[in-house]
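Now for the letters of each chain:
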Amino acid sequence: MGFFSFVVEGENKPNALALQVKNKAPAEVQITAEQLLREAKERELELLPPPPQQKITDVEELNDYKLRKRKTFEDNIRKNRTVISNWIKYAQWEESLKEIQRARSIYERALDVDYRNVTLWLKYAEMEMKNRQVNHARNIWDRAITTLPRVNQFWYKYTYMEEMLGNVAGSRQVFERWMEWQPEEQAWHSYINFELRYKEVDRARTIYERFVIVHPDVKNWIKYARFEEKHCYFAHARKVYERAVEFFGEEHMDEHLYVAFAKFEENQKEFERVRVIYKYALDRIPKQDAQNLFKNYTIFEKKFGDRRGIEDIIVSKRRFQYEEEVKANPHNYDAWFDYLRLVESDADAETVREVYERAIANVPPIQEKRYWKRYIYLWINYALYEELEVKDPDRTRQVYQACIELLPHKKFTFAKIWLLYAQFEIRQKNLPLARRALGTSIGKCPKNKLFKGYIELELQLREFDRCRKLYEKFLEFAPENCTSWIKFAELETILGDIDRARAIYELAISQPRLDMPEVLWKSYIDFEIEQEEYEKTRNLYRRLLQRTQHVKVWISFAQFELSAGKEESLSRCRQIYEEANKAMRNCEEKEERVMLLESWKTFEEEFGTDSSKERIEKLMPEKIKKRRKLQAEDGSDAGWEEYYDYIFPEDTANQPNLKLLAMAKLWKKQQQESEAAEMDPDKDIDESQS
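Residues numbered from 1 in each chain as written. Predicted model: local features only at pLDDT ≥ 70, side-chain atom pairs only at ≥ 80, totals over all residues. Heavy atoms only, no water.

Under the annotation held in an unreviewed UniProt entry, the chain carries the name Crooked neck-like protein 1 and is attributed to Chrysolophus pictus. The UniProt entry for the chain carries the following text under Sequence similarities (unreviewed entry): "Belongs to the crooked-neck family." UniProt lists a comment for the chain under the heading Subcellular location (unreviewed entry), and it reads "Nucleus speckle". (UniProt positions renumbered as here; feature names shortened; annotations may be inferred.)

> Please clarify how the overall build of the chain should be interpreted in this entry.
Within the chain one finds 38 helices and 2 strands. Scored against the burial criterion, the 690 residues of the chain give a buried share of 37%. Put simply, 47% of the contacts in the chain that link residues at least 6 apart link residues at least 24 apart. With the model as given, the accessible surface of the chain reaches about 43800 Å², and the carbon-plus-sulfur share is 50%. (Helix = DSSP H or I, 4+ residues; strand = E, 2+ residues; numbered from the N terminus. Buried < 20%, exposed > 50% of the residue type's maximum accessible area, 1.4 Å probe, protein only. Contact = heavy atoms within 4.5 Å. Areas by Shrake-Rupley, 256 points an atom, 1.4 Å probe, with all protein chains shown as cover.)

> Explain helix 6 (residues 100–113) to me, please; I cannot follow it from the model alone.
Residue pairs spaced three or four apart in an α-helix point in one direction, given the helix's 3.6 residues per turn. With 14 residues, helix 6 extends 20 Å between its outermost C-alpha atoms, agreeing within 8% with the 20 Å of an ideal straight helix rising 1.5 Å per residue. Those residues of helix 6 that sit buried are Ile100, Ala103, Arg104, Ile106, Tyr107, Ala110 and Leu111. The buried residues of helix 6 occupy one face: seen down the axis, they fall within an arc of 160°. Facing away from the buried side of helix 6 by more than 90 degrees, the exposed set consists of Gln101 and Asp112. Taken together, the buried residues of helix 6 touch helix 5 (84–96), helix 7 (118–130) and helix 8 (134–147). (Expected span 1.5 Å × (residues − 1). Arc of directions from axis to C-beta.)

> Help me out: how do you make sense of the packing of helix 11 (residues 185–197) against helix 12 (residues 201–214) in this one?
The relative placement of two packed helices is expressed as an angle between their axes plus a distance between the axes. Contact geometry for helix 11 and helix 12: axes closest at 9 Å, N-to-C directions at 170°. Taken as axis vectors, helix 11 and helix 12 run roughly antiparallel relative to one another. Of the residues in helix 12, those touching helix 11 at Glu185, Trp188, His189, Tyr191, Ile192, Glu195 and Leu196 are Arg203, Ala204, Ile207, Tyr208, Arg210, Phe211 and Val214. Of the residues that constitute the contact of helix 11 with helix 12, the class distribution is 9 nonpolar, 1 polar and 4 charged. (Axes fitted to C-alpha atoms, helices over the stretch in contact; angles between N-to-C directions. Parallel < 35°, antiparallel > 145°, perpendicular 65-115°, else oblique. Nonpolar A, V, L, I, M, F, W, Y, C, P; charged D, E, K, R; others polar.)

> Hey, could you run me through the side chain of serine 190 in this one?
Among the secondary structure elements, serine 190 is positioned in helix 11. If we ignore the near neighbours within four places in the chain, the residues touching serine 190 are Tyr156 and Phe175.

> Would you explain the packing of aromatic side chains in this entry?
Each aromatic ring pair is characterised by the separation of its centres together with the angle its planes make. Applying the stated criterion to the full structure yields 26 aromatic pairs. Between tryptophan 141 and phenylalanine 154 the ring centres are 6.2 Å apart and the planes differ by 50°, which places this aromatic pair in the tilted class. In this pair, tryptophan 141 sits in helix 8 while phenylalanine 154 sits in helix 9 (residues 152–164), placing the two residues 13 residues apart along the sequence. Tryptophan 141 gets classed as buried once you look at its relative accessible area, which sits at 0%. Exposure remark for phenylalanine 154: the relative accessible area of 0% places this residue in the buried category. On the basis of an interplanar angle of 90° and a centroid distance of 4.9 Å, the ring pair of tyrosine 156 and tryptophan 178 is categorised as edge-to-face. Here tyrosine 156, found in helix 9, pairs with tryptophan 178, found in helix 10 (residues 168–179); they are 22 residues apart in sequence, far enough to count as distant. Judged by its relative accessible area of 0%, tryptophan 178 falls in the buried class. Taken together, the ring pairs in this structure connect Trp155, Tyr156, Phe175, Trp178, Tyr191, Phe194 and Tyr198 into an aromatic cluster. A cation over a ring is seen here: arginine 205 above tyrosine 233, with NZ or CZ 4.7 Å from the ring centre. (Phe/Tyr/Trp six-rings, centres within 6.5 Å; stacked < 30°, edge-to-face > 60°. Lys NZ or Arg CZ within 6 Å of the ring centre and 35° of its normal.)

> Would you take a moment to explain the nonpolar core for this structure?
Looking at soluble globular proteins, one finds that nonpolar side chains tend to be buried together. Formed by 77 residues in total, the largest nonpolar core has its most connected members in Phe154, Tyr241, Leu257, Tyr258 and Leu293. Per-element accounting of this core gives the leading share, 7 residues, to helix 15 (residues 255–267). Look past the residues within four positions of phenylalanine 154 in its chain and what remains in contact with it is Val118, Trp121, Leu122, Trp141, Ala144, Ile145 and Leu148. Counting 37 residues, the second-largest nonpolar core is a separate cluster that includes Val343, Ile376, Phe412 and Phe424. (Core = buried A, V, L, I, M, F, W, Y, C linked by side-chain atoms within 4.5 Å.)

> Looking at this model, I keep getting lost on a positive patch on the surface. Mind explaining?
On the surface, Lys416, Lys449, Lys452 and Lys487 cluster together to form a positively charged patch. Within the secondary structure, lysine 416 sits in helix 24 (residues 415–427). (Patch = residues over 30% accessible without salt bridge, like charges linked within 9 Å, V, L, I, M, F, W, Y side chains within 5 Å. Salt bridge = Lys/Arg side-chain N within 4 Å of Asp/Glu carboxyl O. Lys, Arg positive; Asp, Glu negative; His and termini not counted. Charge placed at Lys NZ, Arg CZ, Asp CG, Glu CD.)

> Help me out: how do you make sense of the pattern of salt bridges in this one?
Side chains that carry opposite charge are capable of pairing whenever their charged atoms lie near each other. One pass over the full model with this rule turns up 35 salt bridges. Its salt-bridge partner being glutamate 94, residue arginine 70 comes within 2.7 Å of it at the nearest N-O pair. In this pair, arginine 70 is assigned in helix 4 (residues 59–79) and glutamate 94 in helix 5, connecting sequence segments 24 residues apart. Summarising the burial analysis for this pair, arginine 70 and glutamate 94 share the class buried. A salt bridge links arginine 353 to aspartate 392, with the shortest nitrogen-to-oxygen separation between them at 3.7 Å. With arginine 353 in helix 20 (residues 349–360) and aspartate 392 in the loop between helix 22 (376–389) and helix 23 (393–406), this pair connects stretches of sequence that are 39 residues apart. Connected via shared salt-bridge partners are Glu350, Arg353, Glu357, Glu386, Asp392 and Arg395.

> What exactly am I supposed to notice about unusual backbone geometry here?
In terms of backbone geometry, most residues other than glycine have negative phi values and most peptide bonds are trans. With a phi close to 60°, arginine 132 is a non-glycine residue in the positive phi region. As for its position among the elements, arginine 132 is in the loop between helix 7 and helix 8. Positioned with a positive phi, glutamine 182 is a non-glycine residue whose angle comes to about 50°.

> Could you clarify how one ought to interpret the environment of lysine 66 in this entry?
For lysine 66, the position within the fold is in helix 4. Exposure remark for lysine 66: the relative accessible area of 13% places this residue in the buried category. Sequence separation of lysine 66 and leucine 97 is 31 residues, and the distance between their C-alpha atoms is 9.4 Å. Filtering out sequence-adjacent residues up to four positions away, lysine 66 remains in contact with Trp93, Leu97 and Glu99.

> Help me out: how do you make sense of the side chain of glutamate 266 in this one?
The topology assignment puts glutamate 266 in helix 15. Excluding residues within four positions of it along the chain, glutamate 266 makes contact with Phe271, Val274, Phe300, Lys303 and Phe304.

> Explanation requested: a nonpolar patch on the surface in the structure shown.
A cluster of nonpolar side chains, namely Val29, Ile31 and Leu36, defines an oily patch on the protein surface of about 330 Å² accessible area. With respect to the secondary-structure elements, valine 29 resides in the loop between helix 2 (16–20) and helix 3 (33–43). The exposure class assigned to valine 29 is exposed, which follows from its relative accessible area of 65%.

> Just checking my understanding: could you explain the confidence of the model for the chain for this structure?
Interpreting fine coordinate detail is not advised for predicted regions of low pLDDT. In the predicted model, the chain carries a mean pLDDT of 76, and the fraction of residues at 70 or more is 74%. Long-range and interchain partners of residues 1–18, a stretch whose pLDDT sits below 50, account for 2 contacts in this model, where long-range means more than four residues apart. A low-confidence stretch, residues 681–690 (pLDDT under 50), is modelled with 1 contact involving residues beyond four sequence positions or located in other chains. (pLDDT = per-residue confidence, 0-100.)

> Help me out: how do you make sense of helix 24 in this one?
Compared with an ideal rise of 1.5 Å per residue, which puts 13 residues at 18 Å, helix 24 spans 18 Å between its outermost C-alpha atoms and is within 8% of the ideal. Of all the residues in helix 24, the buried ones are Ala415, Ile417, Trp418, Tyr421, Ala422, Phe424 and Glu425. With its phi angle positive at about 60°, lysine 429 sits one or two positions after the end of helix 24.

> Where do I start with the environment of tyrosine 224 in this structure?
Its location among the elements puts tyrosine 224 in helix 13 (residues 218–230). A relative accessible area of 1% places tyrosine 224 in the buried class. Each C-alpha atom, one on tyrosine 224 and one on tyrosine 208, is 6.3 Å from the other, the two residues being 16 residues apart in sequence. Setting aside anything within four residues of it in sequence, one finds tyrosine 224 in contact with Arg205, Tyr208, Glu209, Val212, Val240 and Arg243. Engagement of the side chain of tyrosine 224 in a polar contact is seen with the side chain of glutamate 209, the distance being 2.4 Å. (Polar contact = N/O pair within 3.5 Å; in protein donor to acceptor, adjacent residues only side chain to side chain.)

What follows is the structure, encoded as C-alpha cells:
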C-alpha cells in the first residue's frame, strides 16, 4: 500500500494520526541543521578515501586504463557540455599521453560548443606551440583573431610567437592586420617598439602618423614629438609640435602641449621661441587652467631671463588675489598667513612689516579663546620673523610685549606666548627679563604650562632654591595635581634631602582632592622601597588599604612582602593574601576576588607546600553561566542575556540555597538519564539477554 492510499485512509479516519502522536510538546533538546553539518564534518562522514594506486605492467592494461579515463571524460562532457574546464582537462590528459591528434579533436569539439571562450583558444594554441607544431599554431591564431578580433591577448601572443621564430615580416603583417581594427593605445606602442627593436625608424614614424590620427590625444602628439627628438630629428619634432598646435586650435588648447613644446625649444637653446610659446599660451588659456604653464614659465625666466621682472609679475598677481580675499573678510587669518608667506619670500622688510601690522590689527571681536587661537600665531610669526630674518631683537621684544598687553589675561591667556618671550630673552642672554616675564605670567594668569616651563628653565640653570619656591607656588595654585607633587619629591630625592621628600609625599597624600591618587601612592611606596624603609612601606600599604580595598593594592602589598627578601617573607606574603581574602568576601566585584585568588595560587605554586596548594585549590570558585532579564531605556523588556558568575566554596557553606540549587541540578540530570533509558528499550533487552 503506497503513500497515496495511506493519505486516503487518513482522510477516512481523522483520528488515526492523532492516536500515534502522544506528546506534541517540543523536544527538550533541539537539533539544528547547523549542528548536523558540524557533526558530519567532525566525523568526516563525507570524506571519500583516495583511490588506490595502480601500476600498469603491459599494453593491455594501459589500453584498458585509457579506455576507462576517456569514458569518464566523455561522461563528464555529456552531462554538461558548457563546462569548458572539462574539455580542457580532457585535452591536456590526451596531450600528456602524446596523443596530439586526439587532443586537437577535443579542442575542436570544444570550440564548436563555445567559440567565444578565450581560455580555450589560448590553451589550444599553447599546446601546438609546446609541441613545436608551428603551422598548426599559426592556423589557430589566425582563426582566433578572425573570430574574436577585439581580444588583444590573441594578437600579443601571435606577434610574439612570430618574432620569437625570427619571422619579422610575418609579425609585421600580423601587426598591420591588428592596426586595421584601430585597437587601444598600448597596441600601437607595441607595434612601434617592435619596429624600433629592428632599427626601423621610418616605419615607426609612419605608425606614429597613423596613431595620432586614430587616438588624437595631447599625450600621444607629445610622445610622437619626443620620439623624433630622441632620434635627433629636431626639425621633424618641431613640425610635429606645430601640427599639434594647429590640430587642436584655440578651442581645445591644453597647457601640457605648450609646456612640452617650450621645453623642447629650451633644450634647443631657442629662448626667444620659448618666450613666444609661453606668452601665446598664457594669453589664450584661462588662468585657472594654466597653473602648470605659469609655473614652468617662471622657472624658465629664473633660469634664462630677467628674474626680477618675472617675479614681480607673479608676486603682484598673487598679491592682488590675497588682497581681494582679506578685503572680503579681514578676519580670515588663513588668507593672511598665505599673504605673509608670499611677501616674506620676495618683498623687503618694510613691506613685510606693513602687512604684519595690518594683519594683527584685525583683533577678534569676541573675547573667547577659540576665536583667538589662529590670531595669536600672527603675533608669533611676526616676532620670529623679526628675530630670525631681520635680526632685530629690540623690535622683536616690542612685538612680544605688545602681544602680551593685548591679551585679556583675566579671561584667558596663551602660555605659549609667555614661554616664547622668555626663551627669546634667554637667547639674548637677558636672564632677569626672562624671569620677570615668567613671574608676571604666573602672577597675572597662573597655568600649569607656565609653572612647568618656568621650573624647567630654572632646572636647566641649576637654581634649585628657585625651583623649590616655584613648586611651592605651583602646589598652592593646584594642590590636586599629583604629577607636580611627584616631581617636587623626585627633585628633593635627587638633591639628597630624603626627609624633605618624605614630608612632601605626606603632604600630598593628605590632600582632600587629587586627580590621580593611585599614581601618587605608588610613587610614595616606590620611594620608600628605594630607601629600603620596609616598615614605613608596610605602614603606607596599611594606610592605603584603609582608604581603598582594591585588589591591585592587596596584590602589590603581597608582592612587596615577597620581594622584601627576609626569612619571614613567605609567611608575611601568605598572611597578606589571607587578610585580603577575608576583606574581599563582601566585595560586589567577584572578578577582583578571582584575580586575588589566582595571584595567591600562583604564589603557592611557586613557593607553597602541598597542604597550602590543596587549601588554595579548595578556595578557587566555580564558574557558572546564568541568565538575567534586560530592560530597555523606556522600561520595556529587552529579552534575556547570559553572563558568567562565580560561586566561592566559602560562600557556599554559608548559603543553604546554593546547596539546594546543586541538588536540584543533580535531580534534573538523573531525570534526563531515566527518560533516555525509556526512549531506548531495545538497549535494555539486549543487555538482559547478554
